[in-house]
Amino acid sequence: MSHIAITIQAPSEQQDILIAMLAEIGYEGFEEKADELVAYIPESEFDEAALRSILGSNGAAYTQQRVAQQNWNAIWESSFQPVLVDDFCGIRAGFHAPLAGQVKHEIVITPKMSFGTGHHATTLSVIRLMKDTDFQGKKVFDFGTGTGILAILADQLGAAHTDGIDIDEWAVENALENTAANGARNVHIWQADNLHALPDGDYDIILANINRNILLATMPDMKRILKKLGFLILSGILQEDEPAIVKAAANEGLQLKKRAEKEHWLALAFQLG
């Protein structure tokens, strides 16, 4: 099956919102770059009027290109390189050589056109904050799990149980494949777009690498499902968004404990008092 690749001119802070909107009309994969987003959809499902409706409301220009099926694996394999987060964690594909001896924790993923390959600055920063957090025997929630990288790492760090959700069916399927491939038997992932059905005070640690608007909108629910003295690790936050996130967290009794920064993106760790 051939695909259509849409290259959209959009700054990084707009890309998460565009991804969410495009996923709702059938786009299956995304590549996030500094000032543009590449979105992929099967040629048979491409609807230019629907695309224009979304991009017109966001004032974004775009170009389109047909991509033949036989090019997918070669393109992906040539562009995907292993990710090393210091000597703590390594993320690679199955066709890469093992990272034995280079890192303490190794994760093998097949990202299916990037729902989180570990390359983005937000993922790297969350992993650095996870390094300094005690996961042993804890119950963890991964909000917006994507490829499942953070849930898999939580499992490797000794979490007793990790739940994860994602709004996108394709991402959930991919995360399930990746957790199985990494032997993460204590990880459970399903499709959902909110936290309403989750019980109060159920999780020791919540991981949420999403975007500013969703983090602000769901802050009360994240606090509700977090145990007292539990940790909330957030990312998808630009430097200029930090005051708004910190204020919203403080309003819920969450105190900022640590931060990590890379390429103008932040990860923030809060504790519920």
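This text gives an overview of the structure that appears in the document. (Residues numbered from 1 in each chain as written. Predicted model: local features only at pLDDT ≥ 70, side-chain atom pairs only at ≥ 80, totals over all residues. Heavy atoms only, no water.)

**Side note on helix α5 (residues 149-156)**
The buried count for α5 comes to 7 of 8 residues, which makes it a mostly enclosed element. Within the sequence span of α5, burial applies to Ile149, Leu150, Ala151, Ile152, Leu153, Ala154 and Asp155. Directly after α5, the chain includes Gly158, whose backbone phi takes a positive value near 105 degrees. (Buried < 20%, exposed > 50% of the residue type's maximum accessible area, 1.4 Å probe, protein only. Helix = DSSP H or I, 4+ residues; strand = E, 2+ residues; numbered from the N terminus.)

**A few points about the sheet that holds strand β6 (residues 89-92)**
Judged by pairing direction, the sheet is mixed, and its 3 strands sit side by side in the order β5-β6-β7 without closing on themselves. Two strands lie at the open edges of the sheet, namely β5 (83-85) and β7 (105-108), each paired on one side alone. Sheet twist, expressed as the mean angle between neighbouring strand axes with direction ignored, is 15 degrees. As judged from the 4 bridges shared by β6 and β7, these two strands associate in the parallel manner. Bridge pairing in β7 places Arg92 opposite Val108. Running at roughly 35 degrees to β5, helix α4 (residues 121-131) makes contact with β5 and β6 of the sheet. In this fold α5 packs onto β6 and β7, with an angle of close to 145 degrees to the strand it touches most, β7. (Pairing = 2+ DSSP bridges. Axes fitted to C-alpha atoms, helices over the stretch in contact; angles between N-to-C directions. Contact = heavy atoms within 4.5 Å.)

**A few points about the packing of aromatic side chains**
Given two aromatic rings, one states the distance between the centres and the angle between the planes to describe the pair. Applying the stated criterion across every chain yields a total of 2 aromatic pairs. Grouping aromatic residues by their ring pairs yields a cluster made of Phe141, Phe143 and Tyr203. The ring of Tyr203 has Lys139 lying over it, and the distance from NZ or CZ to the ring centre is 5.1 Å. (Phe/Tyr/Trp six-rings, centres within 6.5 Å; stacked < 30°, edge-to-face > 60°. Lys NZ or Arg CZ within 6 Å of the ring centre and 35° of its normal.)

**A few points about the environment of His161**
Of note, His161 is situated in strand β9 (residues 161-166). For the pair His161 and Phe141, spaced 20 residues apart in sequence, the C-alpha to C-alpha distance is 8.6 Å. Residues contacting His161, with those up to four places away along its chain left out, are Lys138, Lys139, Val140, Asn186 and His188. There is a polar contact of 2.7 Å between the side chain of His161 and the side chain of Asp163. (Polar contact = N/O pair within 3.5 Å; in protein donor to acceptor, adjacent residues only side chain to side chain.)

**A word on the pattern of salt bridges**
Tallying each qualifying case throughout the model produces 13 salt bridges. The residue Glu43 makes a salt bridge to Arg66 at a minimum N-O spacing of 3.1 Å. With Glu43 in the loop between β3 (36-42) and α2 (48-58) and Arg66 in strand β4 (residues 62-67), the pair connects residues that are 23 residues apart, well separated along the chain. Assessed through its relative accessible area of 53%, Arg66 is described here as exposed. Across the pair Lys138 and Asp134 runs a salt bridge, and its minimum N-O distance is 3.5 Å. Judged by its relative accessible area of 24%, Lys138 is partly exposed. In this structure, a network of salt bridges that share partners links the residues Asp200, Asp221 and Arg224. (Salt bridge = Lys/Arg side-chain N within 4 Å of Asp/Glu carboxyl O.)

**What to know about the environment of Ile165**
By the element assignment, Ile165 lies in strand β9. The sequence separation of Ile165 and Thr145 amounts to 20 residues, and the corresponding C-alpha distance is 5.8 Å. In this view, Ile165 contacts Phe141, Asp142, Phe143, Gly144, Thr145, Trp190, Ala192, Asn194 and Leu195; residues no more than four positions away in its chain are not counted.

**Structural notes on the sheet that holds strand β8 (residues 139-143)**
What the 7 strands build is an open sheet, ordered β10-β9-β8-β11-β12-β14-β13; its pairing is mixed. Edge positions in the open sheet fall to β10 (187-191) and β13 (254-262), since each of these has one partner strand only. Between one strand and the next, the sheet's axes are offset by a mean angle of 15 degrees, whatever the strand orientation. Judged from the 5 bridges that link them, β9 and β10 form a sheet pairing that is parallel. By the bridge assignment for β10, Asp166 is matched with Gln191. Packing of helix α6 (residues 169-181) onto the sheet brings it into contact with β9 and β10, and relative to β10 it is tilted by some 165 degrees. Helix α7 (residues 212-225) rests against β8, β11 (203-209), β12 (226-238), β13 and β14 (265-272) of the sheet, and its axis sits at about 175 degrees to β12.

**A few points about the pairing of β14**
Among the 8 residues in β14, 8 count as buried, and that is most of the element. Burial of the side chains of β14 extends over both faces: Trp265, Ala267, Ala269 and Gln271 are buried on one face and Leu266, Leu268, Phe270 and Leu272 on the other. Count of turn residues in the β13/β14 antiparallel hairpin: 2 residues, of which Glu263 carries a positive phi of about 55 degrees.

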